[in-house]
Structure formats: structure tokens, C-alpha cells
Amino acid sequence: MTETASPKRLNRGRRSQAGWLNRLLPWAIPGAFILIWFVISETEMVPHYLLPHPKDILATAATYIFGKAGNGAYAGRFLEDLMASSFRVMLGFSLAVVVGIPLGVLSGRLALVSRMLNTTINALRAVPGISWLPLAMVWFGIGLKTTVFLVALAAFFPIFLNAEAGARQVSPILLQAGAMMGVRRLRGTFAILLPAAMPSIITGLRLGMGISWAYLVLGELTGVPNGLGAVIMDARMLGRIDIIVVGIILIALIGRFCDLGLNQLLRLSFKSARRLQ
Amino acid sequence: MKPPLHIATPWPRSPEAPAVLSIERLSKRFETNGAGSVSVLRDISFTARRGEMICILGRSGCGKSTLLNILAGFIAPSSGTVRLNGQPVSRPGPDRCVVFQDDALFPWLTVRENIAFGLKKRPMDRARKKSEVERFLSLVGLTDFGDYFPHEISGGMKQRVSIARVLILQPEVLLMDEPFAALDAQTREEMQNLLLTLWEKFKHTILFVTHDVGEAVLMADRILLFEKDPGGIREDIKIDLPRPREKDERRFFACYRKTMSIINRL
């Protein structure tokens, strides 16, 4: 009821804007990397058919992203691939969230649930995601369902485990304090338990989002017609190493962007996400 | 139990004040892994009258925190009953509020939001809630700190917030579990005075757990002296010193010495 705090004070938790160094620092490693790559290519220490020149990559990327469809092998496909891949990631990730967070919180608070789930989940967790691929292909065929299944399965574990740990570590005193102030169990879950567990839940979501992209590519390698993973696999068969590199860079950028977006969305939606980081 | 010991003369709180909290033959045993059970509290009975300040004094491990947890409704007694105004209590509620020793504020809420937390679901219009929050902020002397987060303020200030957020709910009984034990001596004295001022104003019934004899003599109308193995009340000491009490007065010191001698005799 009292969101009356002055904006100055509520912003205090933020990283201070310590000028250009802080802004530049995140780009130091990518910058150095590109510089080395440029030098290697210019001096032809590595032949171009193994590692294309940055300027060729730039040209390929431009065609792939902005080119008119039909004007070349991969021209203008980016938007369609991005849409297809994002849809699969979001679907799989959402499934993992919807199942993982409630189950994790329950398991963190109720000994019975935790006893029931722990053996199964820790056994399944030991199975590498890639071993599910053949089975998923038999069950779901090639395409959307297999990819979504793999993404959901892979994202589930970090989301579940972190929600569980977060819920378990909430100090009983906070819940007691709520109880004595007249907060019953259901409201206490949303007003106290979830906010207090929020830092862990966020960690789980971010890890889950990252792994979602990894498993998306795995799912798409199996021969779906579109998507970023499909493009990479397709390019390998055609020997278009420049497209592979473009795909890798794009996935890295999109992954980073999704992470930032997820963080921002959580901070917008939850007071505790804004304030407990 | 023996009749209460009397130190000095008349008792400031009216002995006819109605009983608010009655504890009848309360016992608590904790089951230990395979090895039977440990008796923490045995057969405790006493009555707290309206507006009384009772200090529960004892060394650590004598079950005084367990007693407070039972009164708060956080844990169930093995036997016996707790009655508030004649009604048995079994679960936590805003009529018996607790001030914890440890920091129990919600870290994602500002000081002001922490104080407003318990009011949220009360049938009261927004403006009224807001003015209540401001009133209690100023009563504990934190008007300028309403927008700070708990991790940005000192231990003493946190306890001020803890007190304000329960006083605003107008509890019948205030249960305080060594609330000032973790503070430095100067801050502790400040907080003791603040609590006494608020008590004069609101006339709550207060049960105050402490292991500090000086604190008990300064605050209490009555000291319940706990001893361990199993935990129980050994003495019920009335402290009749007039208020306000000063720690450097002869009367205070005499009272402190007498209380100490009772403790040492046990």
C-alpha cells in the first residue's frame, strides 16, 4: 500500500553509473576476440575454409538477416528462423516453469513431497539430455514436439532445484512473523515464502533459460526445416562454415538478450526481484 | 509453587486488574531421535494481569524461549492450556504479537512497508492505514527512515521497526524474546526506555524474556525466575520499585542485589 518512497531512494540498490569503464568492460573480451580473429584471418594463419574472415562473416550475416528471400541460399531467412526457434524455446521454457516452480517450492517446504520426488528427480537428472533425443524422436517425430520436449526437460532441473533450495532456506522466523501478524498459509506463500525465495528462483530461471537455448539447437539438429539450429546443421552439410559461425554468434547474442529480458521482466513484475539482488 | 516473594512495598499495577493470559499446568517434552524425550518445561502455571510487565528471567536452555513459542502458538504444548481472556489459544494470531531477538523483518520491504504489512487485510480505509503507519513510525522515532530497507539500518533501528509493526496491530499481549540482547549497551538502554515509554502509553500486557538481571529489575512488575532441568518457575518475584526507575539509584541497586541473592540461593 505504501509505494510512496522517493525515486531517489528506491534506485539506490542499482549499480552506480561509474562512467565509461563500466560500460566498456563487458565488451573487452568480445572485442579482443574479434581483433585476434581479424589478425589471424588477415595473416592467413588459419585457412579461410576453416575460419572465414570477419568481413565475410559480416557480409553473410547481413544477407542472412536483411537480404531479400530468394536472393541466395540463406538470404532473408533469419526472421522466420528466429520466430520458429523463439516459439519452441518459450513453449518448452514455460512448461518447465509451470511445473518446476510449484513442484520445487512444495518440495522445499513439505518433507513428504521432497521424500517422494528426490530419488526420482536426482536419478533422471543424471541422464544426459542427449540420451533423450532418440527416444523423443520415436515418440514425437521430427519437429516442434521433440524440440519442446527436450527444452522443457532440460530447463526443468535447474528451475526445480533452485526453487526447492530457495524455498527450503527461507527462515522459519519470517513465516512465524507472518503467522503472528495474521497471515494464513496461502497468503503467506505469496506474500512471504515466494518473495523470500525469489533470489534462488531467479537463479534457477536464468540457468533454465540458458540451457533452453542449448537444447533447442539439439532438438533442431534433427532435421526440422526452420530454426537457428536447423540452419547450422543445414550449413554443415552444405559446407557453408560462414553460416555456422553466423548461427553461433546469433545464438550467443539472443541468449544474452533473453537473459537480460528475463531479468528485466522479473524486476518489473516482482518487488522482491527488484530489491533482493 | 511457593507464594510470591515481596521486595519493597506497594505494587504499582492494580492487583485487581483482570487476568489477560492464564497459563495452566503447561508442559513440553521434545522427542529425541530414538532416545525417548527431553522435558523442557514442566508444570508451569501463572497468570498475567492486564497491563502487567512480566520478565521471564533465566539462563539459556531453561525453556523460556520454548514457553514464549507456545504462548505465541508457534508450537503446541505437550499438556496444559494457554488462555487469552478465557479462550484457549492454539495457533498464532495478531492478539499475541512477538518481537523476535533476531532480525525478522522482511528484507524486500522498506521500513514503512514492513510496519504496514500486518494492516494489509484489515478493514480500514487507505488514508487511515497510511496515517497509522506514519504515527507508529514517529512513535518509534523512525520518521526519517521510512524508505530505508532493513539491511540499510542499524540493529537498534531494526528492533524499533519490529516493535512498531506489532504495536500497530494493537495486540492484547506482547511477547518479547530477548529483543535487546544482541544490541550494544548504549542502544539497549535506549530501547529499554523506548519500550517503557510505549508501555506507559498503550498499557499492553508484556511478557519479556531476558537473561539480564539488571534489565529485568529495570523493566518488570514481576520477575518469573526460571531454572532448568526441567524448565520451570522457581520464584515469582514482585518488583515494587516506583517508576521511572533509574539504574544508579540506591533503591534500584538494593532491589538488584536482593534479586541476585534469590538467584544465587537456588
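Residues numbered from 1 in each chain as written. Chains lettered and ligands numbered in written order. Predicted model: local features only at pLDDT ≥ 70, side-chain atom pairs only at ≥ 80, totals over all residues. Heavy atoms only, no water.

1. Considerations on the confidence of the model for chain A
The predicted coordinates of low-pLDDT regions are not to be read in fine detail. Here chain A shows a mean pLDDT of 88. Residues at 70 or above account for 94%. In this model residues 1-14 of chain A is a low-confidence stretch, pLDDT under 50, and it forms 23 contacts with partners more than four residues away in sequence or in other chains. (pLDDT = per-residue confidence, 0-100. Contact = heavy atoms within 4.5 Å.)

2. A word on the packing of helix H6 (residues 111-125) of chain A against helix H8 (residues 144-169) of chain A
Residues and elements named next belong to chain A. It is the contact of H6 with H8, at a shortest axis distance of 11 Å, that shows an interaxial angle of 145°. Crossing handedness for the pair H6 and H8: left-handed. Judged by residue contacts, Ser114, Leu117, Asn118, Ile121, Leu124 and Arg125 of H6 engage Phe156, Phe157, Phe160, Leu161, Glu164 and Arg168 from H8. By residue class, the composition of the contact of H6 with H8 is seven nonpolar, two polar and three charged. (Axes fitted to C-alpha atoms, helices over the stretch in contact; angles between N-to-C directions. Helix = DSSP H or I, 4+ residues; strand = E, 2+ residues; numbered from the N terminus. Left-handed = near helix turned anticlockwise from the far one by under 90°. Nonpolar A, V, L, I, M, F, W, Y, C, P; charged D, E, K, R; others polar.)

3. Concerning the domain arrangement of chain B
Residues and elements named next belong to chain B. Along its sequence, chain B is organised into domain 1 (1-7 + 16-95 + 174-266) and domain 2 (107-170). Centre-to-centre separation of domain 1 and domain 2, based on C-alpha positions: 26 Å. Of the roughly 1100 Å² buried between domain 1 and domain 2, counting both surfaces, carbon and sulfur atoms make up 77%. Applying the counting rule to domain 1 against domain 2 returns one salt bridge. Here Arg160 ties to Glu190 by a salt bridge, and the two come within 3.1 Å at their closest N and O atoms. Across the contact surface, domain 1 and domain 2 share two residue pairs in polar contact (both at pLDDT 80 or more). The set of elements that each furnish at least two residues to the side of domain 1 that touches domain 2 consists of strand E8 (173-177) and helix H5 (185-202). If you tally residues by element for the side of domain 1 that touches domain 2, the top one is H5, at seven residues. Residues that form the side of domain 1 that touches domain 2 fall into these classes: ten nonpolar, two polar and two charged. (Domains from an automatic or database assignment. Buried area = accessible area lost by both parts, 1.4 Å probe. Salt bridge = Lys/Arg side-chain N within 4 Å of Asp/Glu carboxyl O. Polar contact = N/O pair within 3.5 Å; in protein donor to acceptor, adjacent residues only side chain to side chain.)

4. Here's the deal with the nonpolar core
Grouped burial of nonpolar side chains is what soluble globular proteins tend to show. Counting residues in hydrophobic clusters, the biggest one holds 93 residues, and the most contacted among them are Leu21, Phe46, Ile115, Leu207, Ile223 and Phe226 of chain B. Ignoring any residue separated from it by four or fewer positions in sequence, one finds Phe46 of chain B in contact with Leu21, Ser22, Ile23, Ile54, Leu67, Leu207, Arg222, Leu224 and Ile233 of chain B. Val105, Ile159, Ala163 and Trp213 of chain A belong to the second-largest nonpolar core, a separate cluster that totals 58 residues. (Core = buried A, V, L, I, M, F, W, Y, C linked by side-chain atoms within 4.5 Å. Buried < 20%, exposed > 50% of the residue type's maximum accessible area, 1.4 Å probe, protein only.)

5. Re the side chain of Asp147 of chain B
Looking at the secondary structure, you find Asp147 of chain B in the loop between helix H3 (126-139) and helix H4 (155-167). Within the structure, Asp147 of chain B has its side chain in polar contact with the side chain of Arg112 of chain B (distance 2.7 Å).

6. Description of the interface of chain B and chain A
How large an interface is tends to be reported as the accessible area lost when its parts come together. Taken together, the 34 residues of chain B in the interface contact 29 residues of chain A. Among the residues chain B hides against chain A, the three largest losses belong to Trp108, Phe117 and Asp147 of chain B. Together they make up 24% of the total. Applying the counting criterion to the chain B and chain A interface returns two salt bridges. Here Glu113 of chain B makes a salt bridge to Arg275 of chain A, at a shortest N to O gap of 2.6 Å. Linking chain B with chain A are three residue pairs in polar contact (both at pLDDT 80 or more), by the criterion used here. Of all the secondary-structure elements, those providing two or more residues to the side of chain B that touches chain A are strand E7 (96-99), helix H2 (111-116), H3 and H4 of chain B. Looking at the side of chain B that touches chain A, its residues break down into 18 nonpolar, three polar and 13 charged.

7. Comments concerning the pairing of strand E10 (residues 222-227) of chain B
All names here are of chain B. Within E10, six of the six residues are buried, which leaves it mostly tucked inside the rest of the structure. In this sheet, E10 lies alongside strand E4 (residues 53-57) in parallel orientation, the contact comprising four bridges. Along E10, the bridge assignment pairs Ile54 with Arg222. Here E10 pairs with strand E11 (residues 232-239) via six bridges, running antiparallel. Residue Leu225 lies in a different strand from E11, and its bridge partner there is Glu235. Linking two consecutive strands that pair antiparallel, namely E10 and E11, is a turn of four residues; a positive phi of about 60° is found at Asp229 within it. (Pairing = 2+ DSSP bridges.)

8. Concerning the packing of aromatic side chains
Working definition: an aromatic ring pair is given by the centre-to-centre distance plus the angle between the planes. Summed over all chains, the structure comprises 14 aromatic pairs over all chains. Seen in terms of ring centroids, Trp139 of chain A and Phe140 of chain A are 6.1 Å apart; in terms of plane orientation they differ by 85°. Their pairing is edge-to-face. Judged by relative accessible area, Trp139 of chain A falls into the exposed class, the value being 52%. Phe140 of chain A gets classed as partly exposed once you look at its relative accessible area, which sits at 32%. The rings of Trp132, Trp139, Phe140 and Phe149 of chain A are connected pair by pair, giving a single aromatic cluster. The cationic tip of Arg187 of chain A hangs over the ring face of Phe117 of chain B; the distance from NZ or CZ to the ring centre is 5.6 Å. Directly above the ring of Phe106 of chain B sits Arg165 of chain B, whose terminal nitrogen or CZ lies 5.6 Å from the centroid. (Phe/Tyr/Trp six-rings, centres within 6.5 Å; stacked < 30°, edge-to-face > 60°. Lys NZ or Arg CZ within 6 Å of the ring centre and 35° of its normal.)

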